[in-house]
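Chain by chain, the residues:
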Amino acid sequence: MTVAFPLTEKRNVDELLKHLIQHNLSYPGNCAVSLKAHVALVTSSHSFALGTARTAW
């Protein structure tokens, strides 16, 4: 499952990685992160954790 996380000045890549850890997702452990201009694409087989993380983002 791949989910897009919008990035802003306050919600940057460092904040995203901290947020993913709070939802038991770790890069490069059990998820992959691809960066685009203003969005990060996070892919993981842990769809429930990924969906919860996206909702809370």
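See the structure above.
The notes below deal with the structure included here. (Residues numbered from 1 in each chain as written. Predicted model: local features only at pLDDT ≥ 70, side-chain atom pairs only at ≥ 80, totals over all residues. Heavy atoms only, no water.)

## Brief notes about unusual backbone geometry
Here comes step 1: A cis amide bond links Tyr 27 to the next residue, Pro 28, at an omega of 5°.
Here comes step 2: With respect to the secondary-structure elements, Pro 28 resides in the loop between helix H1 (13-22) and strand S2 (32-35).
Here comes step 3: Of note in this structure, Asn 24 is not a glycine but carries a positive phi near 60°.
Here comes step 4: Mapping Asn 24 onto the fold places it in the loop between H1 and S2.
Here comes step 5: Since its relative accessible area comes to 64%, Asn 24 is described here as exposed. (Helix = DSSP H or I, 4+ residues; strand = E, 2+ residues; numbered from the N terminus. Buried < 20%, exposed > 50% of the residue type's maximum accessible area, 1.4 Å probe, protein only.)

## Describing the nonpolar core
Here comes step 1: By size, the foremost hydrophobic cluster in this structure holds 14 residues, and its most contacted members are Phe 5, Leu 16, Leu 20, Leu 25, Val 42 and Leu 50.
Here comes step 2: Of all elements in the fold, only strand S1 (2-6), H1, strand S3 (39-43) and helix H2 (47-56) reach the threshold of two or more residues within this core.
Here comes step 3: At three residues, the largest contribution of residues to this core is made by H2.
Here comes step 4: The residues contacting Val 42, other than those within four sequence positions of it, are Met 1, Thr 2, Val 3, Phe 5, Leu 16, Leu 20, Cys 31, Ala 32, Val 33 and Leu 50. (Core = buried A, V, L, I, M, F, W, Y, C linked by side-chain atoms within 4.5 Å. Contact = heavy atoms within 4.5 Å.)

## Quick look at H1
For an α-helix the count is 3.6 residues per turn, leaving residues at separations of three or four pointing the same way.
Here comes step 1: For H1, every residue scored as buried is listed here: Leu 16, His 19 and Leu 20. What you see down the axis of H1 is that its buried residues fit within an arc of 100°, all on one side. Those residues of H1 that are exposed and angled more than 90 degrees off the buried face are Asp 14, Ile 21 and Gln 22.
Here comes step 2: Buried residues belonging to H1 abut S1, S2, S3 and H2.
Here comes step 3: The N-cap of H1, judged by a side-chain oxygen 3.2 Å from the amide nitrogen of Asp 14 a few residues on, is Asn 12.
Here comes step 4: Asn 24 sits one or two positions beyond H1 and adopts a positive phi of about 60°. (Arc of directions from axis to C-beta. Polar contact = N/O pair within 3.5 Å; in protein donor to acceptor, adjacent residues only side chain to side chain.)

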